[in-house]
Structures are given as structure tokens and as C-alpha cells.
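Coordinate inspection notes
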Amino acid sequence: MQYPTLTELENTVEITNAFGGYNHNLRISPGEFYDMQNLTSSSYPVLSPRGQRGVYASTTNPQGLIANDKLCYVDGTNFVVGDQSVSLGLSTDPYKCPKTLVSMGVYVIIFPDKKYVNVSYPSDYGSMEASFQNGTHPITLSICDREGKGYDITYTRPTEPEGPADGDIWLDNNKKPYSLKQYSASSGMWVSIATTYIKISSPNIGMQFKQYDGVTISGFDKTAFHVPDSEETFSDEEYRKLDGSFVIWDRGDDFIVITGFLSEPRAIDDTITVKREVPDMDFVIESENRLWGCRYGQDPESSFTMINEIYASKLGDFKNWNCFMGVSTDSYAASIGTDGPFTGAVSYLGYPIFFKEKYMHKIYGNYPSNYQIQTSDIRGVQKGSGSSLAIVNEVLYYKSQNGICAYDRSE
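Here goes a summary of the coordinates provided. Note that the structure is predicted; figures quoted are calculated from it, not measured. (Residues numbered from 1 in each chain as written. Predicted model: local features only at pLDDT ≥ 70, side-chain atom pairs only at ≥ 80, totals over all residues. Heavy atoms only, no water.)

Let us now look at the state of the cysteines. With the rule as written, the count across this model stands at zero disulfides. Unpaired in this structure, Cys97 has its nearest cysteine sulfur neighbour in Cys72, at a distance of 17 Å. Note on Cys97: relative accessible area 18%, which makes it buried. Among the cysteines around Cys144, which has no disulfide bond, Cys323 carries the closest sulfur, lying 18 Å off. (Disulfide = S-S within 2.5 Å. Buried < 20%, exposed > 50% of the residue type's maximum accessible area, 1.4 Å probe, protein only.)

Take the nonpolar core next. Counting 20 residues, the largest nonpolar core has Leu141, Ile200, Ile217, Phe220 and Val274 as the members making the most contacts within it. Counting 14 residues, the second largest nonpolar core, distinct from the first, contains Ile109, Val278, Val284 and Ile307. (Core = buried A, V, L, I, M, F, W, Y, C linked by side-chain atoms within 4.5 Å.)

This next bit is on the side chain of Lys181. Along the chain, Lys181 falls in strand E17 (residues 179-184). Overall, the relative accessible area of 18% leaves Lys181 in the buried class. Of the polar contacts made by the side chain of Lys181, one reaches the side chain of Asp172; its length is 3.4 Å. If we ignore the near neighbours within four places in the chain, the residues touching Lys181 are Asp168, Ile169, Trp170, Asp172, Trp190, Val191, Ser192 and Ile193. (Helix = DSSP H or I, 4+ residues; strand = E, 2+ residues; numbered from the N terminus. Polar contact = N/O pair within 3.5 Å; in protein donor to acceptor, adjacent residues only side chain to side chain. Contact = heavy atoms within 4.5 Å.)

Now the structure itself:
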């Protein structure tokens, strides 16, 4: 009888003296672990067990958690940064909880309260919105240049003045709208001042605002104007135009400067309101140094209007959502044509994406004038599943009405 020839197996010893860490792939190197339990890579390259679990903090009413430079969370009306509690006066209304926490640089922004905290310097905190009312203090208005310096008007007449000196200012009131011109001796001509500004003065009017804030002004359409130290009142349409949205081109504690035109100084005794507002939003994300948000619902200012919009803050400034100066750093807003509420939002590979149950809205571009919203009719995020959005290995996963979906940039 013949037997097969057997080859003797040599005994080998392989020594691993360095821990390669966790590697959950089909092929791994010696010293790596495909799976780990109760181990830690904190002592790499030494293999070691994890530390003992313990209680990080005890909370009374936790409503949100985020990791920035430090672990941050909402506890009732306070916001806790590391081991420091900041009293923000957050709402505990069940309709405003849990909170949405968004990280933008060193700041954490808290919605729907519209508050912010600097994680590096927790003493830097406050509200994104600001409001001013003059109350019993009068409001004075005067025409000025961009820096708030008033014009010394040399002539006010309907015909061209004779014998002007260089730099003289002429208010041409020949026909409305009036115009302001300055004489140039070098050219021998009156040159129109293309953009004029109005200085609005009242105690503390500019303290809560900063230069280039976008604000909404109201109250001018409900009041009459009078010339200081005079009994005469006015209600000219040019003054009514001071109600609306403006950019603050310059400011001081007791004044702000906006674009506009006045033929002469005015004083007002009625209440005027200046506001920097942040829109109410269903979902908020950070992308490319802007905050982005969306809103679907009833317009609070009109019972006949529905809001169906996507917003973006000013570049690098999460407080400004209504600043439109015609530059690349402007805020942004666009109405959406698809029906139904928004169900989720995410920043994916540098693109803000907003979902509805049957649609995906993806924003292309890098500044407001070239932003484009591409709408795809696909299985979107199921209502109530906005928290299911997750990015794993550059693939976006989420819960739709029909199951778990994966999106990998394919259109």
C-alpha cells in the first residue's frame, strides 16, 4: 500500500511588538485589529485597555450636545462650555426644544433662540438679533457723506448758481427728486454727487449695531416731520422712503448712516424702530463660512402668504441675514418652487443640501450672484428623520420613506 508523502510543517513564531490600531478593512497589517472591544488606541503604539467609564457631568434639563474645541451642551436655560456654565436665558418651552447647535469657527450658535457663544472666550456671548427704539428721545435726520460728515450746502435754488468757488455744494431743487451737486474748479462744472447718505441721530441708536449691518427701519411712514425750531410739518414722500431695509455704512454710539436723500434736516418725536433680524428656520447648517437655513410655513406678517425659502448669512458673519450691498460677501435668500415642508439639511462635500420628502435642493456656486439651486426629484429625507443624515466614507446616508438611501454625488 502506498501512502501520500506528507510535508512537515515548520513551527514559526511571529512577535508583534507594536499595536497598529483599529483597521476595519478586509485586508489588515500585522498588529492591527479588525474589531475592538474595551481597548483603546490612546496609548498607541502600545496595546492597552480603555479607561474606566465615569460621569462627565450631571444635568437638570439637557437639550443639545456638540463638540467644538470643547464639549458643549445645553442645560435648561444655560449653555455649558467645558466646565463653565454661561447664563444665556435659553427658552425651556417644549416647542423650542431640543435645541439645534451649529458650530461656526470658534462660535456655537443656538437655534431657535438665536444666541451665540464663543467657545474659546465664553464671556463673548449674546443674541444674534438687535433692536433699538428711541422712546422719548427725538430722532434727528441730516444729509451727509458716507462717513457721517454733514454737507455745508452753499446754494439751494432751481437754477445754476453764478460765480461758485471750488467745493461749493448746490442743492438743485428744480424738480423732484432733488439732486446734490459739487463745483469742481478744475473742470469748471457742477458734478452730481451720485450717492447721498442720511445720518440718523438719537442717544444709543448705534450701540448694538456695527458697520455694514443689514437692518430694517420702520416708523417713518406713520409720522410727520418738522424742521428743528419751527412749527412747520412735512409729509413728503422722500421721507417715507426711509422705511425699509438698509445697510449701516457708518455708525457711532449715537448715530447710524444709511443711503438716502433729504433736502433739509428734520426732527421726529414719534417712535422709530431699527432692527437686525434673523429669520426663523426649520433646519440650520454651516457651509463655506456661512450659515444656511430653510423655512416652510406661514408668513407671520401676512395670513395670505406662505414662506418656502432658503437663506444664507453674510460671509463670516452669522448675525447678518439681510445685508445686500452687491458684493460677494452679501447675505442670500431664494424662494423654492417645490411643495411640502423641508425635512432635513446637510453640508456635503462643500455643498449645502436641503431635503424634502420627494426632492433634493443642492446649492452650487461660491457667492450670491452665481449661486444656483439644482432641484432633483428623488427620494428625499422622510419627515421627522432629519437627524438620520450621516456621511460615512464620503457617502451620504439618510432615511427616506422607503428605506435607507445612499447618495454619492451622482445626479
